[in-house]
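Single-letter residue listing:
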Amino acid sequence: MMDKTFDPAAVEARIAAVWEAQGAFRAGRADRAGAPPYSIVIPPPNVTGSLHMGHALNNTLQDILCRFERMRGKDVLWQPGMDHAGIATQMVVERQLMERKEPGRRDMGREAFLERVWSWKAESGGSIVAQLKRLGASCDWSRERFTMDEGLSKAVAKVFVELYRQGLIYKDKRLVNWDPKLLTAISDLEVQQVETKGHLWHFNYPLEGETYDPENPATFITVATTRPETMLGDTAVAVHPDHMRLGDFVGRTVVLPLVGRRIPIVGDEYADPEKGTGAVKITPAHDFNDFEVGRRHDLPLINIFDQEARLVLAENPGFLADAPESAMLTATVAALDGMDRAAARKRIVAMMEEGGFCPKIEPYVHTVPHGDRSGVVIEPWLTDQWYVDAKTLAQPALAAVRDGRTQFVPKNWEKTYFEWLENIQPWCVSRQLWWGHQIPAWYSPWGEVYVAESEEEAFALALADGVKRDALTQAEASSLADDPQRLAEMFHRDEDVLDTWFSSALWPFSTMGWPDEADPALARYYPTSVLVTGFDIIFFWVARMMMMGLHFMGEVPFKDIYIHALVRDEKGAKMSKSKGNVIDPLVLIDQYGADALRFTLAAMAAQGRDIKLATSRVEGYRNFATKLWNASRFAEMNGCARVPGFRTDGLSLTLNRWIVGEVARAASDITTALEAYRFNDAANAAYRFTWNVFCDWYLELAKPVLQGADGPGKDETRAAAAWVIDEIAKLLHPFMPFLTEELWAIKGADGEPRDSILALAPWPAYEGVQDDEAEAEIGFVVDLVSEIRSVRAEMNVPAAAQMRLVVVGAGADLRNRLLPWSDTIKRLARMSEIAFATQPPAESAQMAVRGTLVALPLAGVIDVAAERARLAKETAKEEKEVSKVDAKLGNADFIARAPEEVVEENRERKQEALNRIARMKAALERLG
C-alpha cells in the first residue's frame, strides 16, 4: 500500500543509493557497448563553491538531457569535476590562517602553503559535489576530475609548452587589471563595475611658449579627469581632430604642471567633443583606452605606481626621464613619493589648486572597476605578463560557428560570440598567486628563458643552449647535469601561476585523458554533444574551449552550445546578497524536495528569457508531485495494477483507446521539445498531460467504470490506468527523477519483475496507437465540459446553479457520440439536461466546440443586461489601465532610468490587462 503522502526527505537519499549501487550513471556500461555515445562536460564549479540558483538551473538542464538520452539507449557520459579556483581558494586558506592566528602565506613559504591548500581541499573543499547529488545530478561520479589533478596538470603543461614553441604564447609588457590588495592580475570577469559618486576635476595644462594666465584661454588647454593622481604619468593630451575650438591645438605642446614634462597635443577620435572639456589627458600606463591611444601615437609609457598602488617617483627612471630638473619637480617628488593613490589624489588636487591650475570641480557619477573578491579599486597597471596570441587561435573558432560545425541555441548568441572574437585582445594568462598551475618556464643566469613540461627537460635544454651561446663550457654543462642541487640554485622557475581559465579551456578533452592516448574515452566521447552554460562566460570559457579544442584536437569540443538565462527574484531583480533577495536552492530542496525545484526551473526555462523565481512556483510544482502521487494511490485503491503482457492494441473501451493516444501525443511533444532544447515546452507538455489529461479527465471519466460492476471493461480500465502511470513515470523521469523512480519501484513490486530501474528503462516510443475515432468522441466531451465551465465563470453563474445545455443542429453521429456520456457531462458541467435544437435560444451564451454550436440559456440564471453592463464597465477600466502603462512605456526617460525589473513589470501588467480585455470581449460576444 502506498504511503498517504510523498515525503522527498525520506525518499531522495534512498533512491540516490539505488542509482549508485546499480552504477546507473556510469559511462561505458557493458549493456551500452554498441550504443551511440552522448556526452556533456559539466561547467566545473569552484572547489570553494556552494550550490546557488545558477548552478541549480544549469545542472538541472544538463541532467534532463542526460537522463533523456540515457533512456533513449545512448551511452551517456556526463563528465563531472571541479575547478581549483585560484584566487578564491587561496583567499579562503589565507583567511583561515588569519582567523587561527597562524603564520601567513609568505611566512610559511610556497611549499608549506600549498600543502595547506591541499589539506583544506581534502577536508572542506568540494561540498558542492554532495549538493549536486542532492539535486539529482546523474554524472558519472566515478570519473570526477579536478583541474589540479595529475592528469589535467600534465595536459596544462603540454599545452603551454606547445603554444610557446609555436609562438602563440609569449611574454610582454602590457596593461592588466591589477588588484593592489591581492597583488595579482585578474580577469575582466573578476572585475565589478561599481557606480560611484565622484568628481570631475578640470585641470589647466599651460601651452609651451605662452605665459600661463588662468584668465586667458589662449595660454592653456583644459582637460577633465576622474583620476587626478595619474596625471604624473601623462604623456599627451588628446582632442578630437574635428573639434571646432580645440582642433587647432593639435601639434602643439603643453607643460605638465607639477612636473614640467613637455607633452604633445594629439588628434584622436577617442576624445569626445561632447564630454567634459573636449580634451582628455592621456596616461598610457594607467588606462586601457589611453594605452591604445598611446600605441596609435607612439607615446611613452610611464608607470608611476608600485604593486600596492603607491606612487613611485624618486627612483623611477621613466618618470624622471623627460622631466627637467627644477625646484618644482623636487618639491613634487618630496611631497608625493611613496604615497597611497587615494591620499595622492587629495594632495595633487590641493597642489593644482595652489598653483592656479584647477579652475573647476564638479560632482560626477561614473563606474569604477573593483575587484570582486578584494573589494578594492582595480588599477590598470603596466607589468610583464605571459600572453596567449588569442587572435590567431580565434580564427578557426570563428569559422567553426560560421560554417555550422558548432551551433548556438538560441542562435542570437552567435552575434555576441562573433563580436568578442573579432575584437579579441592578447589573453593575459599569468597570475601572481601560488595556488594554481605554476608556469613551466625557467630562467637562466645568462638571461634566457626555457619552457618545458618538466624541470629535467628545461635543464637539459638550458645546458645545451648555454654551451651553444658560450655561456657554459661543455665541461661545466656536464658537471651541472650530474648535480641537481647546483642546477636548482642556478636556475629559477617563474613564480606565477596560470589563469584558472587556461586549464578550464582544456576541460572537454583533458578530462577524457588527453594527452594519454591509452584512454579510450577521448575517442568515444569527444567531441561532446552539447555544452550547457550561462551567457556571461561565452568569452571567458566557451570561446577559449573552442580555440583549444580546435587547435589541439582538430575538432570542435561540442556540437551544440545551449545558453540559458539568469534566475532572478520574483520581481525580475538580479539576486544579490546586498539586496537580500538571494534564494537558496538547498533551502527549497529541504522545503519542497529536489523534484519540485527541478521542475520549476525546467518549466520556466524558456529560450532567451530570464526566470523570475517565486517560492510559490516551487510550492505549486510540489503540489503537482502530490497530485500524481494521489492519482497513483487512487488507482491502487481501485485495483489498478500492472498486467503481464498488457497490449495497447485491441482495447475495447473508447476511453482507454483515447488515453493511449494521448500518452503517445505527450511523448512525441516532450521528445520533440527536448531535442530542440525547449525545456519549458517539454516540462509543460508533461505537466499538461499528467495533471489535465490523466488526473483531471481520464481518471474522472473512468470513475464510473472503476467503481462499477466487475467485468471485462473494468479489468481493461484497471490495466490501462496502471500502464499509463508507468508511462507517466518514464516521461517525467528526466524532470522529477526521485518521485518517478519511487513510483516505478512501488508499482513494480506487484506483478512481473521490472527489467531495470527507471533511470535505465527505455524511453516511450509508440507506433500506430492513435485512434482518431476515440479522440473525436472523448475529445469532444472534454472540450465541451471545459467550455461550459469557462463560460459559467466568465458570466458569474452561481456555482450551484443547474443549467440547460442546448446542442444546435446536431446530426445523428454527434447525438450517438454524446448519448453514452450524457450523465457524465451533466455531472461534470452541472447541467440539468441536454437538449437538441435547430436554433440557439434567446438570451443564451453561445460557443463553438469543434465546429458544433452549443448554447447555455441564461434567462432566469443571471441578469443578462446587468452582466452586459458589468463586462462593458470592466473592459473600459482595463483599457484605461493599458493606456496608463502605454504612456509609461512610451516615455524614453522612464525606459532609460527605471530599473530593468520595473520596466518588465509594467510590460507584464499591460499584457495581463490585454488578456483580461480579450476574455471580457469574448464574453460580451457570447451574450450577443
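Structure: above.
Fair warning: this is a prediction, and the values are worked out from it, not measured in the lab. (Residues numbered from 1 in each chain as written. Predicted model: local features only at pLDDT ≥ 70, side-chain atom pairs only at ≥ 80, totals over all residues. Heavy atoms only, no water.)

A. View of the pairing of strand 11 (residues 262-267). Bridge analysis of strand 9 (residues 236-239) against strand 11 gives 3 bridges, and the strand direction is parallel. Bridge pairing in strand 11 places A238 opposite V266. The pairing of strand 10 (residues 253-255) with strand 11 spans 3 bridges and is antiparallel. Note that in strand 11 the partner of V255 across the bridge is R262. The loop that links strand 10 with its antiparallel partner strand 11 comprises 6 residues; one of these, L258, has a positive phi angle of about 70°. (Pairing = 2+ DSSP bridges. Helix = DSSP H or I, 4+ residues; strand = E, 2+ residues; numbered from the N terminus.)

B. Highlighting the side chain of D140. By the element assignment, D140 lies in the loop between helix 6 (127-135) and strand 4 (145-146). Here A27 takes part through its backbone nitrogen, which lies 2.9 Å from a polar atom of the side chain of D140. In contact with D140, not counting residues within four places along its chain, are F25, R26, A27, L77, W78 and P80. (Polar contact = N/O pair within 3.5 Å; in protein donor to acceptor, adjacent residues only side chain to side chain. Contact = heavy atoms within 4.5 Å.)

C. Fine view of helix 20 (residues 538-553). For helix 20, the buried fraction is high: 14 of the 16 residues fall into the buried class. Immediately beyond the C-terminal end of helix 20, within one or two residues, lies G554, with a positive phi of roughly 75°. (Buried < 20%, exposed > 50% of the residue type's maximum accessible area, 1.4 Å probe, protein only.)

D. Structural detail: the sheet that holds strand 16 (residues 427-428). With antiparallel pairing, 4 strands are arranged side by side in an open sheet as 6-5-14-16. Of all strands in the sheet, those bounded by a partner on one side alone are strand 6 (184-186) and strand 16.

E. Quick look at the packing of aromatic side chains. Enumeration over the complete set of coordinates arrives at 41 aromatic pairs. For the pair Y212 and F220, a centre-to-centre distance of 5.8 Å together with 70° between the ring planes defines the contact as edge-to-face. A centroid spacing of 5.1 Å and a plane angle of 50° characterise the contact between F599 and Y621, whose relative ring orientation is tilted. Of the two residues, F599 is situated in helix 22 (residues 594-603) and Y621 in helix 23 (residues 615-637); the sequence distance between them amounts to 22 residues. Of the two residues, F599 and Y621, neither departs from the other in class, the shared state being buried. Ring-pair connections join several aromatic residues into one group, and the members of that group are F599, Y621, F624, Y687, W691 and F735. Above the face of the Y387 ring, R174 is positioned so that its terminal group lies 5.8 Å from the ring centre. (Phe/Tyr/Trp six-rings, centres within 6.5 Å; stacked < 30°, edge-to-face > 60°. Lys NZ or Arg CZ within 6 Å of the ring centre and 35° of its normal.)

F. Layout of the sheet that holds strand 8 (residues 220-225). Ordered in space as 8-7-13, the 3 strands form an open sheet in which the pairing is antiparallel. Of all strands in the sheet, those bounded by a partner on one side alone are strand 8 and strand 13 (360-371). Ignoring which end each strand starts from, the neighbouring axes of this sheet average 25° apart. For strand 7 (residues 191-206) and strand 8, the ladder comprises 6 bridges, and the chain directions are antiparallel. Bridge assignment links F203 to a residue of strand 8, and that residue is V223. Sitting on the sheet, helix 11 (residues 341-354) touches strand 7 and strand 13, and the angle it makes with strand 7 is about 25°. (Axes fitted to C-alpha atoms, helices over the stretch in contact; angles between N-to-C directions.)

G. Summary view of the environment of Q62. Here Q62 shows up in helix 2 (residues 53-71). Residue classification places Q62 among the buried positions, given a relative accessible area of 0%. Along the primary structure Q62 and C139 are separated by 77 residues, whereas in three dimensions their C-alpha atoms are 9.5 Å apart. If we ignore the near neighbours within four places in the chain, the residues touching Q62 are I40, V41, I42, P43, W78 and V532. One polar contact links Q62 to N58, side chain to side chain, over a distance of 2.5 Å.

H. Local environment of the state of the cysteines. Enumeration according to the criterion identifies 0 disulfides in this entry. For C139, which is in no disulfide, the shortest distance to another cysteine sulfur is to C66 and amounts to 7.2 Å. (Disulfide = S-S within 2.5 Å.)

I. The arrangement of empty space enclosed by the protein in detail. Scanning all chains against the criterion turns up 3 cavities of 30 Å³ or more. Empty space within the largest cavity amounts to approximately 70 Å³. For the lining of the largest cavity, the secondary structure elements donating two or more residues are helix 22 and helix 23. Considering every element that reaches the lining of the largest cavity, the biggest residue donor is helix 23, with 3 residues. Here the lining of the largest cavity is composed, by residue class, of 5 nonpolar, 1 polar and 2 charged. Considering only enclosed or pocket space, the second largest cavity measures out at about 50 Å³ in volume. Residue lining of the second largest cavity: L57, Y562, I563, H564, A565, L566, A605, A606, Q607, G608, R609 and I611, and that is the complete set. If you tally residues by element for the lining of the second largest cavity, the top one is strand 23 (residues 558-564), at 3 residues. Broken down by class, the residue content of the lining of the second largest cavity amounts to 8 nonpolar, 3 polar and 1 charged. (1 Å grid on protein atoms, 1.4 Å probe; cavity = no way out; pocket = protein on both sides within 12 Å on 5 of 7 lines; lining within 4 Å. Points joined across faces, edges and corners; volume = space filled by probe spheres on them. Nonpolar A, V, L, I, M, F, W, Y, C, P; charged D, E, K, R; others polar.)

J. View of the packing of helix 12 (residues 390-402) against helix 13 (residues 413-422). Packing of helix 12 against helix 13 brings their axes to within 9 Å, and their N-to-C directions diverge by 160°. It follows that helix 12 is roughly antiparallel to helix 13 by the angle criterion. Our pair here, helix 12 against helix 13, has a crossing hand that is left-handed. For the pair helix 12 and helix 13, contact is made by K391, A394, A397, L398, V401 and R402 and by E414, Y417, F418, L421 and E422, respectively. When the residues that make up the contact of helix 12 with helix 13 are grouped by side-chain class, the tally is 7 nonpolar, no polar and 4 charged. (Parallel < 35°, antiparallel > 145°, perpendicular 65-115°, else oblique. Left-handed = near helix turned anticlockwise from the far one by under 90°.)

K. Up close: the pairing of strand 23. In terms of residue burial, strand 23 counts as a mostly covered element, since 6 of its 7 residues are buried. Strand direction decides the pairing type here: strand 15 (residues 407-409) and strand 23, joined by 3 bridges, are parallel. Looking at strand 23, one finds that F408 is bridged to I561. One ladder, built from 6 bridges, connects strand 22 (residues 528-534) with strand 23; its direction is parallel. Bridging across to strand 23, L531 finds its partner in I561. In the classification by handedness, the crossover that spans strand 22, the intervening helix 20 and the parallel strand 23 is right-handed. (Right-handed = clockwise from strand over helix to strand, strands pointing away.)

L. Just the pattern of salt bridges, in detail. Scanning the entire structure with this criterion turns up 60 salt bridges. The residue R469 makes a salt bridge to D465 at a minimum N-O spacing of 2.6 Å. On the accessibility criterion, R469 (44% relative accessible area) is partly exposed. Its relative accessible area of 17% is what places D465 among the buried residues. K921 is paired through a salt bridge with E879; the nearest N and O atoms lie 3.5 Å apart. Of the two residues, K921 sits in helix 33 (residues 900-927) while E879 sits in helix 31 (residues 864-889), which places them 42 residues apart along the sequence. The class of K921 is partly exposed, set by a relative accessible area of 40%. (Salt bridge = Lys/Arg side-chain N within 4 Å of Asp/Glu carboxyl O.)

M. Representation of the packing of helix 12 against helix 20. Where helix 12 contacts helix 20, the two axes come as close as 8 Å, and the packing angle between them is 90°. The orientation of helix 12 with respect to helix 20, classified from their angle, is roughly perpendicular. Counting all contacts with helix 12, which are made through A390, L393, A394, P396, A397, A400 and V401, the residues of helix 20 involved are M546, M547, L550 and H551. Split by residue class, the contact of helix 12 with helix 20 holds 10 nonpolar, 1 polar and no charged.

N. View of the environment of V497. Within the secondary structure, V497 sits in strand 21 (residues 497-498). Residue class for V497 comes out buried when judged on its relative accessible area of 1%. The sequence separation of V497 and A685 amounts to 188 residues, and the corresponding C-alpha distance is 49 Å. Among all residues touching V497, those that are not within four sequence positions of it are R110, V429, S430, R431, L433, W434, W435, G436, H437, Q438 and I439.

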